[in-house]
Every structure is written in C-alpha cells, then in structure tokens.
Amino acid sequence: MLTTTWHSRYNLNSRLKTKFRRKLIALQKTNPCITPFTNKTKDLASNWWGKAWNANLKKYTVNNIHLEKGKLLFRCEALADFKIDSNTIKAIVLGSKIKPYEIKITIKPVSEAKWASIQGFYEGYLECFEKILDNHFPGEMSDIFSNKATGIFPSQSEMSFTCSCSERANLCKHTAVALYALGAKIDNDPKLLFKLRGVDILDLISKSIHSNRKSILKKAKIKSLKILKNTDLSDIFNIEIQTGRNL
Ligand SMILES: [Zn+2]
C-alpha cells in the first residue's frame, strides 16, 4: 500500500515536471527575458535558517493547503522566473492555464529602532561573526531570524503579496512557490534576508567589533594603570631611582 502511494506520488511529480519543462521552453521562446530558477539547495532547505524560513511561512496564511500545494509545485519546477530587486521579488509560476501567473512580493525594511535593538542584542556574539562571514549562522544566533523582538523575519504586516490568479486568498499556491524559492535562496545565502530587509549584517559585525574594541581597550587601560601603580618602577627599568633629596 505504502509502495503504491509512493509510486503514484512519484509518477504525479514526474508528469508535472515534464509538463512544466515543456511549458518553460514554450515561454522562453516568446519571452527571452525569462531566467529559469536554479535550485542550488537540496530539496527545500538543508540549513537550519532555510528550514526556519519555511516553517515561518505558516504565519502568513491561515490555509496551510496553499503552502502544501506551493511546496509540491516548487519541487516539480513550476517556477519559471524569479528576480529580486531591493525589497521586491517578482516571480513567474507555471500552472494549468496557458498564461503563467505573475507574483509580486514586497517586504518592508526593518525599522531603525528594531535594527538598533538587534545590533545591541548581538554585540557580544564576537565568536560567531567569523562563521557568519563564511555564510554560516551558528545555531546560538537563531533568534536573529525568528525571534519576534530581535529577529528579522518579517511580520505579517511587513509582507505583501499579489498574484495574477483568481484565488482570493492572500497567499495563494503560486505565491507559496515563490516563498519556497526565496527559502532556497536564503538557505544558500542567509545574508540575503538582511538585504531584503534593507540592512547589512556587516554593519552589525563592524559596530559590534568597534564597541567591543573600545570596551576591551578601556579595561586594558585601567588594568595597566593598576599594574603600574602596584609595581616598583626600579624593578621594571632595572635602575636605582634616587629622590631629589639625595642628589
Ligand atoms: Zn496565484
């Protein structure tokens, strides 16, 4: 029974892939600007931040069926085109009708106050920054994405979606395809999410380093003054210090 279900699902996916590949070739002939989406990640996401983005999608809809359908369509390569420009994502998704669906997703930038609070919160995470520069976010910084107060995943009111289909739902299955594609992109390049929110993770790193440097130097200065105060200078310079009275 299980084998039959797996086979029928495999056959459906395989048929859909073949159908969408044919449609994509036809679309490219009429629209040379089409850039087929290349999924560099394994399946939907392989890193914790990519998986966290996909789990986060549930907060943008009350209907999980659209997400499930979008997931299937993304896996079956229904996404024909995907472009990111600043805080806007435009996608073209193939479907059952001749005309493909056009999707637009807009993400609001992080407010200055929230970004300042995020920067302050992660000031002490110096040991994590080297890994971030290598495009790897350590698990101990998971809140920087998903935490409501100190994370940069957009809230429901910070995201807007439009699709050319007739679906009345705010987040239709075609929009879900584009959101899973964004998850795959973020999985490969987590810094992309910061760019979409109008901030630069390098700012957070450089400000933290600067602030920590100042605090370390301040501590070092106090410590060295204390050492000097408690040390016999004649020992340091190996000389006999004479007072003016003895001269
Ligand atoms: Zn749609």
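Note that residues are indexed from 1 along each chain, following the sequence as it is written. Under the rules for a predicted model, residues below a pLDDT of 70 receive no local features and side-chain atom pairs below 80 are neither given nor counted, while totals for whole chains, interfaces and linings still include all residues. Values reported for side chains reflect all heavy atoms of the structure, with hydrogen atoms and water molecules removed beforehand.

Student: Before we go on, may I ask you to explain the coordination of the zinc ion in this structure?
Tutor: For a metal with four tetrahedral donors the ideal donor-metal-donor angle is 109.5 degrees, whereas six octahedral donors ideally subtend 90 or 180 degrees. Shown as donors are all N, O and S atoms within 2.8 Å of a metal ion, widened to 3.2 Å for Na, K and Ca; because water is not in the atom set, sites may appear incomplete. Bound to the zinc ion are the protein donor atoms Cys 163 (SG), Cys 165 (SG), Cys 172 (SG) and His 174 (ND1), situated 2.2 to 2.3 Å from the metal. Mapped onto the polypeptide sequence, the residues donating to the zinc ion form the spacing pattern C-x1-C-x6-C-x1-H. In terms of burial, Cys 165 and His 174 fall into one category: buried. Here the term buried applies to any residue with accessible area under 20% of the maximum for its type, exposed to any over 50%, and partly exposed to those in between, with areas from a 1.4 Å probe on protein chains only.

Student: Explain helix α3 (residues 64-75) to me, please; I cannot follow it from the model alone.
Tutor: Residues spaced three or four apart along an α-helix point in a common direction, a consequence of the helix completing one turn every 3.6 residues. Secondary structure is summarised from DSSP: a helix means a run of H or I of at least four residues, a strand means a run of E of at least two, and numbering begins at the N terminus for each. How far a helix is expected to stretch is found by multiplying one less than its residue total by 1.5 Å. Compared with the 16 Å implied by 1.5 Å per residue over 12 residues, the 17 Å span of α3 between its first and last C-alpha is a close match. Residues His 66, Leu 67, Gly 70, Lys 71, Leu 73 and Phe 74 constitute the buried set of α3. Buried residues in α3, looked at end-on, bunch into an arc of 165°, giving them a common side. In protein, a polar contact requires one atom able to donate a hydrogen and another able to accept it; more generally it is a pair of N or O atoms within 3.5 Å, and residues adjacent in sequence count only if both atoms are side-chain atoms. Between the side-chain oxygen at the start of α3 and the backbone nitrogen of Ile 65 there is a gap of 3.1 Å, and the oxygen is on Asn 63. A positive backbone phi angle near 65° is found at Glu 77, which sits one or two residues after α3. Picture the helix axis, draw a direction to every C-beta atom, and the arc is the one those directions span.

Student: Would you explain the sheet that holds strand β1 (residues 79-85) in this entry?
Tutor: To summarise the sheet geometry, strands pair through backbone hydrogen bonds and adopt either a parallel or an antiparallel arrangement. For two strands to pair, DSSP has to find at least two bridges joining them. An order of β1-β2-β3-β4 is seen for the 4 strands of this open sheet, with the pairing classed as antiparallel. The sheet terminates laterally at β1 and β4 (159-163), the two strands that pair on one side only. The mean inter-strand angle of the sheet, taken between neighbouring strand axes irrespective of direction, is 15°. Any two residues having at least one pair of non-hydrogen atoms within 4.5 Å are treated as being in contact. A fitted line through C-alpha atoms serves as each axis, taken over the contacting stretch for helices, and the angle formed by two N-to-C directions is quoted from 0 to 180°. Sheet contacts for helix α7 (residues 173-188): β1, β2 (88-93), β3 (101-107) and β4; angle to β3, the most-contacted strand, approximately 55°.

Student: What's the story with the packing of helix α2 (residues 48-56) against α7 in this structure? I'm lost.
Tutor: Helix-helix packing is characterised by the crossing angle of the two axes and by the distance between the axes. Where α2 meets α7, the closest approach of the two axes is 8 Å, and the angle between their N-to-C directions is 160°. By the angle class used here, α2 and α7 are roughly antiparallel. Here α2 runs over α7; the crossing is right-handed. Here Trp 49, Gly 50, Trp 53 and Asn 54 of α2 come into contact with α7, specifically with Leu 179, Tyr 180, Leu 182, Gly 183, Ile 186 and Asp 187. In the scheme used here, Gly and all other residues not listed as nonpolar or charged are polar, with Ala, Val, Leu, Ile, Met, Phe, Trp, Tyr, Cys and Pro taken as nonpolar and Asp, Glu, Lys and Arg as charged. Residues belonging to the contact of α2 with α7 are distributed by class as follows: 6 nonpolar, 3 polar and 1 charged. Each angle gets one of four labels, with under 35 degrees taken as roughly parallel, over 145 as roughly antiparallel, 65 to 115 as roughly perpendicular, and the rest as oblique. Left-handed describes a crossing whose near helix is turned anticlockwise from the far helix by less than a right angle; the clockwise case is right-handed.

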